[in-house]
Amino acid sequence: MSSSHPLIRPEFPPTEHVAADYAAITASGRFSNFGPFEQRFRAGIGRRLGVDGVATYSSATTGLIAAIGTLMGRGDGNRRVILPSFTFAAAVQAIELLDFVPVFVDIEPGSLGVDPERAREAIADGPVAGLLFANPFGIGSPLVSEWERLASEAALPLVIDSAAGFGSEYPDGTPIGGRGDAEVFSFHATKPLAVGEGGAVTSRDADIGERLRSASNFGFDGGRESVRMGFNGKLSEFAAALGVRQLERIDRIVEARREVLGWYRARLGAHSLPSNVERSSLAFLPVVLAAGAPRDELVGALAGIGVEARTYYAPSLHRHPRFADVPRGPLEVTEDVEQRILSLPVHSGIDEGTVEEIARVLGGATGIVDPW
Ligand SMILES: *Cc1c(COP(=O)(O)O)cnc(C)c1O
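The rules behind each value
Going along each chain's sequence as written, the residues are numbered from 1 onward. Selection of residues for local features in this predicted model requires a pLDDT of at least 70, selection of side-chain atom pairs for listing and counting requires 80 or more, and totals for whole chains, interfaces and linings are taken over all residues. Excluding hydrogens and water, the side-chain figures rest on all heavy atoms present in the structure. Ring pairs shown here join Phe, Tyr and Trp side chains whose ring centres sit within 6.5 Å, with only the six-membered ring taken for Trp; geometry is labelled stacked below 30 degrees between planes, edge-to-face above 60, and tilted in between. Secondary structure is summarised from DSSP: a helix means a run of H or I of at least four residues, a strand means a run of E of at least two, and numbering begins at the N terminus for each. The cut-offs for exposure are 20% and 50% of the maximum accessible area for each residue type, with area from a 1.4 Å probe on protein chains only; residues under the lower value are buried, those over the upper are exposed, and the others partly exposed. One heavy atom within 4 Å of a molecule or strand is enough for the residue carrying it to be called near that molecule or strand. Throughout this description, a polar contact denotes any pair of N or O atoms lying within 3.5 Å of each other; where both atoms belong to protein, one of them has to be capable of donating a hydrogen while the other can accept it, and for residues adjacent in sequence the pair is counted only when both atoms sit in side chains. Residue burial considers only the protein chains on display, and all accessible areas are found by Shrake-Rupley using a 1.4 Å probe. Asp, Glu, Lys and Arg are counted as charged, while Ala, Val, Leu, Ile, Met, Phe, Trp, Tyr, Cys and Pro are counted as nonpolar; the rest, among them Gly, fall into the polar class. UniProt positions are given in the numbering used here, feature names are shortened, and annotations may be inferred rather than shown by experiment. The contact criterion used is simple: two residues touch if any of their non-hydrogen atoms lie within 4.5 Å. For the domains described, the bounds stem from an automatic or database domain assignment. Note: buried area is the sum, over both parts, of the accessible area (probe 1.4 Å) each one loses when the two are combined. We treat two strands as partners when DSSP finds at least two bridges between them. Exposure above 30% relative accessible area and the lack of any salt bridge qualify a residue for a patch; like charges then connect within 9 Å, and the nonpolar side chains Val, Leu, Ile, Met, Phe, Trp and Tyr within 5 Å. A pair is scored as a salt bridge if a Lys or Arg side-chain nitrogen falls within 4 Å of a carboxyl oxygen belonging to Asp or Glu. Working definition of a nonpolar core: buried Ala, Val, Leu, Ile, Met, Phe, Trp, Tyr and Cys residues. They are joined through side-chain atoms within 4.5 Å. Residues scored as charged are limited to Lys and Arg (positive) and Asp and Glu (negative), so that His and the chain ends carry no count.

### Quick word on the packing of aromatic side chains
Overall, the coordinates contain twelve aromatic pairs when judged by the stated rule. Centroid distance Phe-133 to Trp-147: 5.3 Å. Interplanar angle 75°. Geometry classified as edge-to-face. Separated by 14 residues along the polypeptide, Phe-133 in strand 4 (residues 128-134) and Trp-147 in helix 6 (residues 144-153) bring together distant segments of the chain. In this pair, the class of Phe-133 matches that of Trp-147, namely buried.

### Quick notes on the site of the ligand
Around the ligand, the surrounding shell consists of Ser-59, Ala-60, Thr-61, Thr-87, Phe-88, Ala-90, Asp-161, Ala-163, Ser-186, Lys-191 and Gly-198. Side-chain polar atom of Asp-161 to a nitrogen atom of the ligand: 2.8 Å apart, as the coordinates give it. For the ligand, an oxygen atom lies 2.6 Å from a polar atom in the side chain of Lys-191. For the ligand, whose accessible area on its own is 390 Å², the fraction buried by protein is 90%. Here the shell around the ligand is composed, by residue class, of four nonpolar, five polar and two charged.

### Details of the UniProt feature "modified residue: N6-(pyridoxal phosphate)lysine" (unreviewed entry) in the protein chain
UniProt tags Lys-191 as "modified residue: N6-(pyridoxal phosphate)lysine" (unreviewed entry). Relative to the helices and strands, Lys-191 resides in the loop between strand 6 (182-186) and strand 7 (199-203). Each residue touching Lys-191, except ones within four places of it in the same chain, is listed here: Ala-163, Ala-164 and Ser-186.

### Focus on the domain arrangement of the protein chain
When its domains are assigned, the protein chain resolves into domain 1 (15-104 + 111-244) and domain 2 (251-362). Here domain 1 and domain 2 have C-alpha centroids that lie 25 Å from each other. Counting from both sides, the interface comprises 34 residues of domain 1 and, opposite them, 35 residues of domain 2. Taking both partners together, domain 1 and domain 2 bury about 2,800 Å²; carbon and sulfur atoms supply 63% of that area.

### Points about the pairing of strand 9 (residues 341-344)
Of the two faces of strand 9, both are covered, the one formed by Ile-341 and Ser-343 as well as the one formed by Leu-342 and Leu-344. Strand direction decides the pairing type here: strand 8 (residues 285-288) and strand 9, joined by four bridges, are antiparallel. From the neighbouring strand, Val-287 faces strand 9, where its bridge partner is Leu-342.

### With respect to a nonpolar patch on the surface
Where nonpolar side chains cluster on the molecular surface, the patch consists of Tyr-22, Phe-31 and Phe-238 and spans about 310 Å² of accessible area. Structurally, the position occupied by Phe-238 is in helix 8 (residues 237-265). With relative accessibility at 32%, the residue Phe-238 sits in the partly exposed group.

### Some remarks on the pattern of salt bridges
As enumerated under the stated definition, the model contains 24 salt bridges in all. With a shortest N-O distance of 3.5 Å, Arg-120 and Glu-153 are connected by a salt bridge. Taken together, the residues Arg-120 in helix 5 (residues 116-123) and Glu-153 in helix 6 connect sequence positions 33 residues apart. A relative accessible area of 54% places Glu-153 in the exposed class. Between Glu-352 and Arg-267 there is a salt bridge whose closest N-O contact spans 3.1 Å. Separated by 85 residues along the polypeptide, Glu-352 in helix 11 (residues 352-366) and Arg-267 in the loop between helix 8 and strand 8 bring together distant segments of the chain. A residue is classified by how much of its surface remains accessible, and Glu-352, at 35% relative accessible area, is partly exposed. If you follow the salt bridges from partner to partner, you end up with Glu-117, Arg-120 and Glu-153 in one network.

### Topic: the environment of Arg-9
Topologically, Arg-9 is positioned in the segment before helix 1 (15-28). When the C-alpha positions of Arg-9 and Ala-194 are compared, they lie 9.9 Å apart, and in sequence the two are 185 residues distant. The contact partners of Arg-9, leaving out residues within four places of it in the chain, are Arg-257, His-347, Ser-348 and Gly-349. A polar side-chain atom of Arg-9 sits 2.9 Å from a polar atom in the side chain of Ser-348.

### Some details on the nonpolar core
In summary, soluble globular proteins display a tendency toward joint burial of nonpolar side chains. Of all hydrophobic cores here, the largest spans 42 residues; its most connected members are Phe-41, Ile-45, Ile-82, Leu-131, Phe-133, Phe-166 and Phe-187. If you list the elements that add at least two residues to this core, you get helix 2 (36-49), strand 3 (101-105), helix 5, strand 4, helix 6, strand 5 (158-161) and helix 8. A per-element tally of this core places helix 8 first, with eight residues. Apart from the residues within four sequence positions on either side, Ile-82 is in contact with Val-103, Val-105, Ala-119, Ala-122, Ile-123, Val-128, Gly-130, Leu-131, Leu-132 and Phe-133. Listed in part, the 40 residues of the second largest apolar core include Phe-137, Leu-273, Tyr-313 and Val-337.

### Examining the side chain of Asp-106
Here Asp-106 shows up in the loop between strand 3 and helix 5. It is Arg-118 that comes nearest to the buried, bridge-free Asp-106 among opposite-charge side chains, at 4.8 Å. There is a polar contact of 3.0 Å between the side chain of Asp-106 and the backbone nitrogen of Glu-332. Of note is the side chain of Asp-106, whose polar atom sits 2.8 Å from the backbone nitrogen of Val-333. In this structure Asp-106 touches Val-114, Asp-115, Arg-118, Pro-330, Leu-331, Glu-332, Val-333 and Thr-334, once residues within four positions along its chain are discounted.

Quick look at the structure:
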């Protein structure tokens, strides 16, 4: 299908800026290994998020593996890591790669983040190495303080997968990136801060930041001796240069998307939005459709007007064939939300008239909300 309004449209910097960076990199001969662009990008991320620990990566997935390995160690096929089923596949894959046993727990319906009560039950159920929660769709979760309390009571590391959320804020207005023991970001082409492939892990703790950075570079510590868990997860200079450019633009990108959100908000009728979405950087807009709304028909009707809608994170992870045997607690909320979730475009190609048309389709087809 070729939509006139794709769900995601990366917003890249002007070609002449990228060309100038390319020329600078080829002239310097430094293509990787924490070169000048990576250093600038890393420092810029720290300033933007107000954190002392920053490590850049080739993807959020390599960042997740490094964060789990650095903060939780290595699994023994028995110790468990608790995560939501309602998230992207990278988290459970990173857990399995390190030989931990993943355990899926349910989400809370208002924010779509891990329900702390469900996590508490899972912790009581056997040996746990850590918590890998997620800021769903990159939205800073209103539950983050409860997650941190839970982690500290149980003396467990808390890693937050904030992959889609660079530029988002928690409800208190602080940028996401400094909560839990570490937060993980993606700079994939589909994310608000798009580089193509890239990621970062951030922490309030500068020492954790250094260990994370060492993990991205074979576990080397300054010299060329490996002293800890590591592999090659480094970000290239070309990607870092794009990152520096995007960092300068992210506030404008987010501001434009929040304006589009305002247009949707005024017209959503009986459908609802996850709490604190207004402070997110909006990779796309997740809408929880009113109960009974014919989601698949709506996706088809939107395609009919040239708008691409999808259904992240449905199917949730426990429905993927690969993760069917992953142990899990009750998942009632996950299984309800995954039937009703709809992802809508919010990038700069969406104008108010398009939102009006989208709203007409959503309202008309459900028969719940009409007329605007
Ligand atoms: C995009 C995303 C990832 C994966 O990011 P990569 O940079 O492609 O590895 C992981 N988790 C979540 C929640 C995501 O949205």
